[in-house]
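# Working through the structure, step by step
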Amino acid sequence: MPLFADDFIPSTGALPPRARFASDAPSLSLNGEWRFHLVPDVASGTEGFWEPGFDDGTWKRFPVPSHWQLEGFGAPAYTNVVYPFPIDPPHPPEENPTGEYRHTFTVPADWDGHRLVLRFDGVDSAYTVWLNGVELGSATGSRLPAEFDATPAARVGAENVLAVRVHQWSAASYLEDQDMWWLSGIFRDVTLLARPAGAVGDVTVHADYEHTTGQGRLRIDVTAAVGVLQSEGDGARLAGRNSESVEARVVVPELGIDVAAGEDVVVGVEPWTAETPRLYEGQVVTPAELISLRIGFRRVVIEDGMLKVNGRRILFRGVNRHEFHPDRGRALTEQDMLDDVLLMKRHNINAVRTSHYPPHPRFLELCDEYGLYVIDECDIETHGFVFEGWRNNPSDDERWRDAYLDRMRRMVQRDKNHASVVMWSLGNESGTGANLIAMYEWAKAHDASRPVHYEGDWSTVCSDVYSRMYAGHAEVGEIGRREEKPLDDAVQDAARRGKPFILCEYGHAMGNGPGGLAEYQELFETYERCQGGFIWEWIDHGIRTRDDSGREFFGYGGDFGEPLHDGNFIADGLVFPDRTPSPGLIEYKKVIEPLRITVDGAVSDGRLPSSGSPDGGVKVTVSNLHDFADTSTFSYRWQLEQDGIEVASGELDVPVLAAGESADVGVPVSSTAGETWLTVTALLAAETAWAPAGHEVAWGQGCVVPRPEPRRMAHVPATVDESAIRIGTSRFHRHTGRLLRLGEVEVDGPRLDVWRAPTDNDTGQHSGEPAASWRKYGLHRMRHRTDEVDVDGDALVVRTRVAPAAWSFGLLVTYRWTGDDDTLHLDVEVTPDGPWPDIPLPRLGLGMALPAGLTQVTWYGGGPGEAYPDTRQAVRVGRYMSTVDALQTPYVYPQENGHRIDVRWAELTTGGDGVPGVRFLGEPVFGFTARRWTSEDLDVARHPHDLLARDRVYVNLDVVQHGIGSGSCGPGTLPGYVLTPGPARFAVAMRAVNPPR
Ligand code: IPT
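All values derive from a computational prediction rather than experimental measurement.

## Notes on the overall build of the chain
Tallying secondary structure elements over the chain gives twelve helices and 60 strands in all. Its C-alpha atoms give the chain a radius of gyration of 32 Å, within 12% of the compact-globule value 30 Å for 997 residues. If one aligns the C-alpha atoms of the chain with their principal axes, the spans along those axes are about 100 × 70 × 60 Å. By residue count, 61% of the 997 residues in the chain fall in the buried class. Sequence-distant contacts, at least 24 apart, represent 74% of the contacts inside the chain between residues at least 6 apart. For the chain, the exposed area adds up to about 36,000 Å²; of that, 49% sits on carbon and sulfur atoms. Taking the 94 positively charged and 145 negatively charged side chains of the chain as two groups, their mean positions are separated by 4 Å.

## Overview of the site of the ligand
Every one of the 14 residues lining the ligand counts as a neighbour, but D179, H356, N428, E505 and H508 are closest to it. In this structure, an oxygen atom belonging to the ligand sits 2.6 Å away from a side-chain N or O atom of H356. In the environment of the ligand, an oxygen atom lies 2.8 Å from a nitrogen or oxygen atom belonging to the side chain of N428. Considering the ligand on its own, with 390 Å² of exposed area, one finds that the protein chains cover 89% of that surface. Looking at the shell around the ligand residue by residue, the classes come out as five nonpolar, five polar and four charged.

## Some words on the pattern of salt bridges
A full pass over the atoms with the stated rule returns 71 salt bridges. We note a salt bridge from R20 to D121, for which the minimum N-O separation is 2.7 Å. You can see R20 sitting in the loop between β1 (11-12) and β2 (22-23) and its partner D121 sitting in the loop between β8 (115-120) and β9 (123-124), a full 101 residues away along the chain. With a shortest N-O distance of 3.0 Å, E303 and K308 are connected by a salt bridge. According to the relative accessible area criterion, E303 is partly exposed, its value standing at 37%. In this structure, a network of salt bridges that share partners links the residues D124, R143, E176, R330, D379 and R407.

## A word on the UniProt feature "domain: Beta galactosidase small chain/" (unreviewed entry) in the chain
The sites that UniProt annotates as "domain: Beta galactosidase small chain/" (unreviewed entry) are residues 726-991. Taken as a whole, residues 726-991 contains 6% helix and 48% strand, while its terminal C-alpha atoms sit 14 Å from one another.

## Digging into the packing of aromatic side chains
The final tally for this structure, using the stated rule, is 44 aromatic pairs. The interplanar angle of 45° and the centroid separation of 5.2 Å between the aromatic rings of F316 and F534 together place this pair among those described as tilted. Of the two residues, F316 is situated in strand β27 (residues 316-320) and F534 in strand β34 (residues 530-535); the sequence distance between them amounts to 218 residues. Overall, the relative accessible area of 1% leaves F316 in the buried class. Owing to a relative accessible area of 0%, F534 belongs among the buried residues under this scheme. Plain terms: the ring middles of Y520 and F524 are 6.3 Å apart, the flat faces sit at 25° to each other, and that makes the pair stacked. Of this pair, Y520 and F524 both sit in helix α8 (residues 517-526), four residues apart, roughly one helical turn. Of the aromatic side chains, those joined through ring pairs into one cluster are F8, Y83, F85, W169, Y174, W182, F385 and W400. Above the ring of Y466, the side-chain terminus of R496 is found at 4.1 Å from the ring centroid. In this structure, R904 is placed above the aromatic ring of Y860, and the distance from its NZ or CZ to the ring centre is 5.5 Å.

## Describing the nonpolar core
Soluble globular proteins tend to pack their nonpolar side chains together in the buried interior. Residues F316, Y373, M408 and L678 are the most contacted members of the largest nonpolar core, which totals 136 residues. In contact with Y373, other than residues within four places in its own chain, are W272, T273, A274, V309, I314, F316, N350, A351, V352, S420, V422 and F628. Membership of the second largest hydrophobic core comes to 57 residues, among which are A718, V828, V884 and A906.

## Focus on the sheet that holds strand β37 (residues 595-600)
The strand order across the open sheet built from three strands is β37-β38-β41, with neighbouring strands paired in antiparallel fashion. Here the strands that pair on one side only, and so sit at the sheet edges, are β37 and β41 (662-667). Within the sheet, the average angular offset between the axes of one strand and its neighbour, ignoring direction, is 20°. Relative to β41, strand β38 (residues 618-624) runs antiparallel, the two sharing six bridges. What sits directly across from V618, in β41, is V667.

About the cut-offs
- Residues numbered from 1 in each chain as written.
- Predicted model: local features only at pLDDT ≥ 70, side-chain atom pairs only at ≥ 80, totals over all residues.
- Heavy atoms only, no water.
- Helix = DSSP H or I, 4+ residues; strand = E, 2+ residues; numbered from the N terminus.
- Rg over C-alpha atoms; globule rule 2.2 N^0.38 Å.
- Buried < 20%, exposed > 50% of the residue type's maximum accessible area, 1.4 Å probe, protein only.
- Contact = heavy atoms within 4.5 Å.
- Areas by Shrake-Rupley, 256 points an atom, 1.4 Å probe, with all protein chains shown as cover.
- Lys, Arg positive; Asp, Glu negative; His and termini not counted.
- Charge placed at Lys NZ, Arg CZ, Asp CG, Glu CD.
- Near = heavy atom within 4 Å.
- Polar contact = N/O pair within 3.5 Å; in protein donor to acceptor, adjacent residues only side chain to side chain.
- Nonpolar A, V, L, I, M, F, W, Y, C, P; charged D, E, K, R; others polar.
- Salt bridge = Lys/Arg side-chain N within 4 Å of Asp/Glu carboxyl O.
- UniProt positions renumbered as here; feature names shortened; annotations may be inferred.
- Phe/Tyr/Trp six-rings, centres within 6.5 Å; stacked < 30°, edge-to-face > 60°.
- Lys NZ or Arg CZ within 6 Å of the ring centre and 35° of its normal.
- Core = buried A, V, L, I, M, F, W, Y, C linked by side-chain atoms within 4.5 Å.
- Pairing = 2+ DSSP bridges.
- Axes fitted to C-alpha atoms, helices over the stretch in contact; angles between N-to-C directions.

See the structure below:
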């Protein structure tokens, strides 16, 4: 076994790192079918398997790139912070699954005379490479490329045997403790490059933009290829770098540029930004090869305490992106990467932090092309040392210096020519220390054009921005005002106070939520220092798997037999594992929309304003929140809906607005009767690279005629006989007063319900709150006692006490039923009783059961998606149709979901087989959920397929729910959304409806 897997040395025999560039010199992809064999530990390794003559006939055929755990060898394992092996650096555990790979391929005969370079784009975690039995070298740095000189060992025009031994664990594993699945193997491309005599070694593009003059300054440095990296010592490594210059010309036809490499040229250009990703095709031409480049001119600086691109403060509307696919793990296809980029662009996202390692290089090309700002993060995380109080943290241990610097060099060199990369990040959650400072200094010395980010050291000695994760709103406000609590060191404090602020992680998108995003956005828009943030995180890392009976589901930690794991903390993305947008993404899209449209037309008396806006009609204000782009790419539509039905619509003329400008326009709506809403949408006027014409980017909605007060008709009497209490055609239980039949529909009548299946945010992995208190105080098992059933005139009055076992506090609940014709009205009064603990209620409302066949749902209210008090930006008032099943949001870990807010009425029917349905009417509105299982079922389910349809449809009509917050990792529910127990009164009406004939 080579020493490196058990040592601090990052690699042996690797070529110096260099930029990724496309050359017309030939190359051969070695991706495809290989032979593979897995041994449980290094000692069981197959002696001599790297020899060309070794017989691998019994070995499995195996795809490269891939992870062996997802190809039937071993199993995936998930830990967030803890190392799944003893902390004893640099030693890996003895149980160290080791993959042995072999691949036979032919080097084309016309490659004779070329230098051959073998490139691995990503191998997890440590590997040794042999070609035709000759050892080329070894490398670590799972998400970083390594290149080896294959020339001496290769056989041109003949068969070659490539052998690779990959260890799951190595010394390098201590530096790769990211919150993700432990997945091993050759998971990115393997390529053999033919480098002609006189080939270029490295290309460095300097493409600056001066916004005051509109001039771009281009200089492309080109160096000749030189030899193999020395294995040890900083000095020796650097001496081996690509250094000699080479005779080359730089050509950018569109700009009329044709200059020698290394020469500065200044020309008028259109700059690159994420909003306007202008790239120029360029070439580096040498006698030996032609290199193609896509050049974006832009300048990133920190100035006046702000991060500026091309002279302007920008706002990050970002996400943290892990590379993930439910079947392929981190072995992504180009289509997967494009899917991510298109989904991000279509949801108004403008920035990505590549948490917590450099992505596949193709992803950055897509970010250049489609327009996304990138914080390119190095492949370093030593989070598990936090449990040791950061004792022996590699970040501050000199023996690891070379490994840290090696990783930084490899990232910066590979990615330096991307316009999209606006900041380097040293890594994540690696404590503090001299090695991080050395990385920072190296980056500053080798790339003056980009600021450096690191969150883990709040003194910001190795970060040009002040970055934090999960800071609450109040603290972000303080930081925004530059009034944060000072650091002990006055000099460091002054330096930090002058730096821009970003939330490199916020809005933990685990399960239902995150809540409170709109309030963060408001802070980012209020304080110039707060330059936005990056939601944690883009995608749920659920692995597609099956249970014993073949039912498919997305597995999380513990589903693969791991003795140590962090459960469903791996399912915390804005998109589900299959990239279906979750409600959180829809909410985020609305919160960060780059145009703000406000419809300000409310009138109280049903008459529409004739003036009050420039053109008469309803005033609509459109503000352009882009940092650069004007609004010439948008068209606008308006739509007027009365009681949820469209009554008029049209195009809206809005003047072209420069970034930061606003305009008021009028929509000349005609008078309507009934509740009327005006919706204005901003659509792409023409197709863009990332979405078709007509794609909706932003919208605003306002009520122009409010809803008339719901009116009750004359009452019908309540009557009592031996068997039942009746109001009209409805029947109640004689002793409990519960509704049994609503007209012809059998029901399990409504009663108070305060329980919801806790969300991940309720359960708060770190705090356990508030769900732990809810369970402690028994809110999940409330008992109902009927104290009095009384027919009082036209009304049935039922007095009850609702309380948990073991405690003396409870809720006194009075239900007062009256009826008119076919409609029942219910007034509910709730009064807390006894010594209530200081806890919020999960929800306050009514729960009831209906016949199982009522699966078709129509409602008028907030929609189309789910919403809660602090996650309601993305819903609009309208009339919607769905089914009970489609109302459910399939969170990877089951929890409260699917709640529709501000519902005026909702109807459940069978869809027309002659069976009557039910209509609920808000007095004035209610929150609505309907599902084929109970909240209790939802609470105990561990995966969606645990939820089995019962013989009822369970409906909740809520007055309000407790907010969602971001407590699974971050601040809980904001005070304004806490549902504090207190006296409450609410009303709702219901009636049976005849099926359509
Ligand atoms: C933070 C990590 O940086 C990120 O990788 C992820 O684990 C996230 O939390 C939670 O999902 S660290 C946390 C202890 C604040």
